[in-house]
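Each chain is listed here by its residues.
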Amino acid sequence: ELITRLQDLLHSWGIPINLSDVGSTFRQFNVGAPLGLVTGLVGSIVSIVLVVVISVYLLIEGRAVIATLRRLFPAHTRMFDFMVLAAGSTADAYVRGQVLMSLLIGVYTALTMAALGVHFAVVLGVAAAILELVPLVGAVIAMALAVGVAFIQSPGLGIAAVVVGLIGHGLE
């Protein structure tokens, strides 16, 4: 009803258009997938920029921020100092552990893939070291990458790469 009234109004103004054809044309065009891709990409870029900006700011003004926060709790400065020290030590240990595990998995992947005869073993090791830094999925992606390259060479080599990869992640 609304579309017919709008179409009659447009015809009275001398605009010959069939709104039902326009509506069917727009219904056929799916904007969901491209829009989701664009919003995901923009969201990722914004997140990366924010992390970089906040990190640089805290590197430059970190001591001033801590001093300001410390002044907010004048009656509890000892507890605040302890909490900041504990949080810093914990974060430091976590980052050191992640970097160490990343290096170990990278070396393990490079050596074992080279021993199996998988092409690009060093590249796979470097990729495994970098991907190991990604929480939860990085190690899985690195193993899938190494196994995929091995399976391209031969199915037997791919199965051997799966076994070696599972042993490595079990040791991890």
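For the structure itself, consult the block above.
What comes next concerns the included structure. These numbers come from a predicted model, not from an experiment. (Residues numbered from 1 in each chain as written. Predicted model: local features only at pLDDT ≥ 70, side-chain atom pairs only at ≥ 80, totals over all residues. Heavy atoms only, no water.)

1. Digging into the overall build of the protein
Counting its regular elements, the protein contains seven helices and zero strands. When the elements of the protein are put in sequence order from the N terminus, they spell out α-α-α-α-α-α-α. The C-alpha radius of gyration computed for the protein amounts to 29 Å, which surpasses the reference 16 Å derived for 172 residues by more than 25%, pointing to a less compact arrangement than a globule. Considering only C-alpha atoms, the protein reaches an extent of 75 × 65 × 25 Å along its principal axes. Buried positions account for 20% of the 172 residues belonging to the protein. Sequence-distant contacts in the protein: of pairs separated by 6 or more residues, those separated by 24 or more amount to 42%. When the 7 positive and 8 negative side-chain charges of the protein are each reduced to one mean point, those points stand 16 Å apart. (Helix = DSSP H or I, 4+ residues; strand = E, 2+ residues; numbered from the N terminus. Rg over C-alpha atoms; globule rule 2.2 N^0.38 Å. Buried < 20%, exposed > 50% of the residue type's maximum accessible area, 1.4 Å probe, protein only. Contact = heavy atoms within 4.5 Å. Lys, Arg positive; Asp, Glu negative; His and termini not counted. Charge placed at Lys NZ, Arg CZ, Asp CG, Glu CD.)

2. Thoughts on the nonpolar core
If you look at the biggest cluster of nonpolar residues, it comprises 12 residues: Met-113, Val-118, Ala-121, Leu-124, Met-143, Ala-146, Val-147, Val-149, Ala-150, Leu-157, Ala-161 and Val-164. Listing elements by their share of this core, those giving two or more residues are helix H5 (121-131), helix H6 (138-153) and helix H7 (155-171). The dominant element in this core, judged by the number of residues it contributes, is H6, at five residues. Apart from residues no more than four positions distant in its own chain, Val-147 is found in contact with Gly-158, Ala-161 and Val-162. (Core = buried A, V, L, I, M, F, W, Y, C linked by side-chain atoms within 4.5 Å.)

3. Overview of unusual backbone geometry
Positive phi, close to 60 degrees, is recorded for Phe-120, a residue that is not glycine. Along the chain, Phe-120 turns up in the loop between helix H4 (77-116) and H5. Residues other than glycine seldom take positive phi values, yet Leu-136 does so here, at roughly 70 degrees. With respect to the helices, strands and loops of the structure, Leu-136 is situated in the loop between H5 and H6.

4. What about the side chain of Thr-109?
Among the secondary structure elements, Thr-109 is positioned in helix H4. Taking the relative accessible area as the measure of exposure, Thr-109 reaches 11% and is therefore buried. Reaching out from Thr-109, the side chain makes a polar contact with the backbone oxygen of Ile-105 at a distance of 2.8 Å. (Polar contact = N/O pair within 3.5 Å; in protein donor to acceptor, adjacent residues only side chain to side chain.)

5. Here's the deal with the pattern of salt bridges
Under the definition given, this model contains two salt bridges. For Asp-92, the salt bridge identified is with Arg-96, shortest N-O distance 2.6 Å. Taken together, the residues Asp-92 and Arg-96, both in helix H4 and four residues apart, mark about one turn of the helix. Looking at Asp-92, the relative accessible area reads 40%, which means it is partly exposed. Residue class for Arg-96 comes out exposed when judged on its relative accessible area of 53%. (Salt bridge = Lys/Arg side-chain N within 4 Å of Asp/Glu carboxyl O.)

6. A look at a nonpolar patch on the surface
A grouping of Val-38, Val-42, Val-46, Leu-50, Ile-54, Tyr-57 and Leu-58 is seen on the molecular surface, where their side chains present a nonpolar patch of about 640 Å² in accessible area. Along the chain, Val-42 turns up in helix H3 (residues 32-72). Judged by its relative accessible area of 45%, Val-42 is partly exposed. (Patch = residues over 30% accessible without salt bridge, like charges linked within 9 Å, V, L, I, M, F, W, Y side chains within 5 Å. Areas by Shrake-Rupley, 256 points an atom, 1.4 Å probe, with all protein chains shown as cover.)

7. What about the packing of H4 against H7?
Contact pair H4 / H7: the axes reach a minimum separation of 11 Å and the direction vectors enclose 150 degrees. In terms of axis orientation, H4 runs roughly antiparallel to H7. The crossing of H4 and H7 is right-handed. Touching Ile-105, Tyr-108, Thr-112, Met-113 and Leu-116 of H4 are Leu-157, Ala-160, Ala-161, Val-164, Ile-167 and Gly-168, all from H7. Along the lines of polarity and charge, the residues of the contact of H4 with H7 split into nine nonpolar, two polar and no charged. (Axes fitted to C-alpha atoms, helices over the stretch in contact; angles between N-to-C directions. Parallel < 35°, antiparallel > 145°, perpendicular 65-115°, else oblique. Left-handed = near helix turned anticlockwise from the far one by under 90°. Nonpolar A, V, L, I, M, F, W, Y, C, P; charged D, E, K, R; others polar.)

In short, geometric facts, not functional conclusions.
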